[in-house]
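# Observations on chain architecture
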Amino acid sequence: MLDRIKQLEQIALALEPPAGQRGELRNDVVQYTESFLDHIHDLPAYVVTDDKGIGLYDSPISETPIDIKAALQLLRHNVDRPGLNPASGGHLGYIPGGGIYVSALGDYLADVSNRFSGLFFASPGAVRMENLLLDWMAKTVGYPANAGGNLTSGGSIANLIGIVTAREAYNLKAKDFEKSVIYLTEQAHHSVDKAIRIAGLKECVLRNVPMNECFRMNAGALEQTIIRDKKSGLQPWLVIAAAGTTDVGAVDPLEAIGDIAQRHRLWFHVDGAYGAFFVLCDEGKNILKGMEQSDSLVMDPHKGLFLPYGSGAVLVKEKKKLGNAHWYQASYLQDALRSTDELSPADLSPELTKHFRGLRLWLPLKLLGIAPFRAALEEKILLTRYFHEQIKRIDRFEAGNFPDLSVATFRYIPKVGDPNDFNERLVQEIQHDGRVFLSSTTLNGKFVIRLAVLSFRTHLNTIDLTIKILREKVRHLEESL
Ligand SMILES: *Cc1c(COP(=O)(O)O)cnc(C)c1O
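Residues numbered from 1 in each chain as written. Predicted model: local features only at pLDDT ≥ 70, side-chain atom pairs only at ≥ 80, totals over all residues. Heavy atoms only, no water.

## Details of the nonpolar core
Grouped together as the largest cluster of nonpolar side chains are 63 residues, with contacts concentrated most on Leu222, Val239, Met291, Leu297, Met299 and Leu315. With seven residues, helix H5 (residues 124–141) is the largest single contributor of residues to this core. Formed jointly, this core draws a minimum of three residues from each of two domains, domain 2 (107–368) and domain 3 (371–480). Those residues in contact with Leu297, other than ones at most four positions away along the chain, are Val141, Tyr143, His269, Val270, Ala276, Met291, Ala313, Val314 and Leu315. By size, the runner-up hydrophobic cluster in this structure holds 27 residues, among which are Val192, Ile196, Leu201 and Leu348. (Core = buried A, V, L, I, M, F, W, Y, C linked by side-chain atoms within 4.5 Å. Buried < 20%, exposed > 50% of the residue type's maximum accessible area, 1.4 Å probe, protein only. Helix = DSSP H or I, 4+ residues; strand = E, 2+ residues; numbered from the N terminus. Domains from an automatic or database assignment. Contact = heavy atoms within 4.5 Å.)

## Some remarks on the sheet that holds strand E7 (residues 267–272)
Sheet architecture is open: seven strands sit in the order E3-E9-E8-E7-E6-E4-E5, paired in mixed fashion. Two strands close off the open sheet at either side, each with one partner strand: strand E3 (148–152) and strand E5 (205–208). Here the average twist between neighbouring strands, direction ignored, is 15°. Of the pairings in the sheet, the one linking E3 to strand E9 (residues 312–316) comprises five bridges and is antiparallel in character. Within the sheet, the bridge partner assigned to Thr152 lies in E9 and is Gly312. (Pairing = 2+ DSSP bridges. Axes fitted to C-alpha atoms, helices over the stretch in contact; angles between N-to-C directions.)

## Quick notes on the state of the cysteines
Tallying each qualifying case throughout the model produces zero disulfides. With no disulfide of its own, Cys281 lies closest to Cys214 among cysteine sulfurs, the gap being 20 Å. Owing to a relative accessible area of 2%, Cys281 belongs among the buried residues under this scheme. (Disulfide = S-S within 2.5 Å.)

## Section: unusual backbone geometry
Positive phi, normally seen in glycine, also occurs at Tyr94, with a value near 40°. For Tyr94, a relative accessible area of 46% corresponds to the partly exposed category.

## Considering the packing of aromatic side chains
All chains considered together, the criterion is met by 10 aromatic pairs. Following the ring pairs from residue to residue traces out a cluster consisting of Phe387, Phe397, Phe410, Tyr412 and Phe422. (Phe/Tyr/Trp six-rings, centres within 6.5 Å; stacked < 30°, edge-to-face > 60°.)

## Some thoughts on the site of the ligand
Near the ligand you find 14 residues, and of these Gly155, Ser156, Asp271, Asp300 and Lys303 are the closest. Between the ligand and His302, the relevant distance is 2.8 Å, taken from an oxygen atom to a side-chain nitrogen or oxygen of the residue. Take Lys303: an N or O atom from its side chain is 2.8 Å from an oxygen atom of the ligand. When the ligand is considered free in solution it has 380 Å² of accessible area, and contact with the protein chains removes 85% of it. Elements represented by at least two residues in the shell around the ligand include exactly helix H6 (155–169) and helix H12 (301–304). Ranked by residues supplied to the shell around the ligand, first place goes to H6 with three residues. (Near = heavy atom within 4 Å. Polar contact = N/O pair within 3.5 Å; in protein donor to acceptor, adjacent residues only side chain to side chain. Areas by Shrake-Rupley, 256 points an atom, 1.4 Å probe, with all protein chains shown as cover.)

## A word on the pairing of strand E13 (residues 446–452)
Most of E13 sits out of view: six of its seven residues are buried. Two elements, strand E11 (residues 407–412) and E13, share four bridges in a ladder whose sense is antiparallel. Along E13, the bridge assignment pairs Phe410 with Ile449. Where strand E12 (residues 439–443) meets E13, five bridges bridge the pair, whose relative direction is antiparallel. Paired with Leu443 across the two strands is Lys446, which belongs to E13. The turn joining E12 and E13, which pair antiparallel and follow one another in sequence, is formed by two residues; a positive phi near 50° is taken by Asn444.

## Section: the pairing of strand E6 (residues 235–242)
Counting buried positions along E6 gives seven out of eight residues, so the element sits mostly inside the fold. Where strand E4 (residues 180–184) lies against E6, four bridges are found, and the strand directions are parallel. Note on E6: the bridge partner recorded for Ile182 is Leu238. Handedness of the crossover joining E6 and E7 through helix H10 (residues 254–263): right-handed. (Right-handed = clockwise from strand over helix to strand, strands pointing away.)

## Topic: the side chain of Thr245
By secondary structure assignment, the location of Thr245 is in the loop between E6 and H10. For Thr245, a relative accessible area of 2% puts it in the buried group. Ignoring anything within four residues of it in the chain, the contact list for Thr245 reads Gln187, Ala250 and Tyr274.

## With respect to helix H15 (residues 358–368)
Those residues of H15 that sit buried are Gly358, Leu359, Arg360, Leu361, Leu363, Pro364 and Leu365. Positioned one or two residues after H15, Gly369 has a phi angle of 75°, which is positive.

## Some remarks on the sheet that holds E12
The strand order across the open sheet formed by four strands is E10-E11-E13-E12, and the pairing between neighbours is antiparallel. Every other strand in the sheet has two partners, leaving strand E10 (397–399) and E12 as the edge strands with one partner each. Here the average twist between neighbouring strands, direction ignored, is 40°. Running over the sheet, helix H16 (residues 371–393) touches E10, E11 and E13 and is turned about 15° from E11. Along the sheet, helix H18 (residues 460–480) makes contact with E10, E11 and E13, crossing E11 at roughly 20°.

## Side note on the domain arrangement of the protein
Along its sequence, the protein is carved into domain 1 (2–85), domain 2 (107–368) and domain 3 (371–480). In this structure, domain 1 and domain 2 have C-alpha centres spaced 36 Å apart.

## Observations concerning H18
Between its first and last C-alpha atoms H18 spans 31 Å; for 21 residues at 1.5 Å apiece the expected length is 30 Å, and the two agree. Within H18 the residues assigned to the buried category are Thr462, Ile463, Thr466, Ile467, Ile469, Leu470, Lys473, Val474, Leu477 and Glu478. Considered in projection along H18, the buried side chains sweep an arc of 165° and stay on one side of the axis. Turned more than 90 degrees from where H18 packs its buried face, Asn461 and Glu479 sit exposed. The secondary structure elements touched by the buried residues of H18 are H16, E10, E11, helix H17 (419–433) and E13. (Expected span 1.5 Å × (residues − 1). Arc of directions from axis to C-beta.)

## Structural notes on the environment of Gly98
Turning to its location among the elements, Gly98 is positioned in the loop between strand E2 (83–84) and helix H4 (101–113). The buried category is assigned to Gly98, whose relative accessible area is 13%. Along the primary structure Gly98 and Ala71 are separated by 27 residues, whereas in three dimensions their C-alpha atoms are 24 Å apart. Excluding anything up to four places from it in sequence, Gly98 contacts Pro86, Ala87, His302, Phe306, Leu307 and Phe456.

Put into structure tokens, the structure is as follows:
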């Protein structure tokens, strides 16, 4: 047996490359990422390929190792080329992502030391770092000192945690579901609907509250519906508002909804996955007024703070309620659970072992300060308004509503033919061109194009380029009709 153990140890040592080998691996990886960043301004925002990364399947997982150069070659060709390039400033579709460099270094540090950030006992420092970040966010949005939260993998899980917390805070049992009413709009993100089902609440009554012409919830209609529901013996329970819808960036009237929720004792959940971090700049703070009246709030650092994917957050005004929805006991953790100076992520979320997400957020905030984030967010709002102004001035372009945050919508009315068909072709032309990426949506039966500005790499020249491309493509399409 001892011989076998020693033999196994020799094979397993491959898991621990020596310093020299680490240096070589690191050099190749750094060279790869440096070359990516050196070219980021010329790389297309979208790439159409025939193979779509299928070459990965030619190199299955096997007993035979490959070297780092071969691995990076596979990555370059199959992963970092086809499809959307979220790191590009030309990414103006959906909700653009980020990927600030300092966050990558935070991940590197977190992964090498691999601190256990789920429990205070295991890593008091990692837990305090995440709590510090959540306290900062809570303060930023105007939550009181007894607020709590959790750093999640994204907004979808954050919405789920918020809704489960609301369910437990109202002590809803299966027998209550059919009478409990949830209020939202048709513009609510689909992750909200998904979260309701995952939380076991699909039997609840869902009310689509009417919206005004700017796709914001009509607060008057909300209150009327609540009153009507109460009269008919239902139990209004939860209202879900958007601090920036994904589709058009609309901000629901948060102050009015907050007042109504308080008057009728509803839980008020705000989905600010896209928009809540705009609170950091004065312009955004004004627009988001009333967000602080919510009971729970979702905000995604991988959107509004330009972090790489994998960073969402949920805040709950009363930390106790978040804890009540996620408490647990486990005898094998008895030593760990005795150490309770501060609540741990495991006390406040479905996760136990988790990525030490705090470090990828803490490092950039500490190294760069808050100022560049504030500036970039205000820049995004102003760039969107600039685009809105410019597009209105171009013949036959029809601009959507004045943007609440950083999403603008528009369409082109062709001289002849169906506008919907034309705009669908226009988006396809732009995506194939690849210099910038725009996406589309349907509003009141109209096919419209969206411009969403949230990449930290999108600047004035990107918007000017987009307008130039739009002019080009429209001329080309009109000529080919
Ligand atoms: C992006 C988004 C979500 C989902 O967040 P993920 O981080 O993608 O899981 C939820 N709500 C809104 C409004 C969003 O924009």
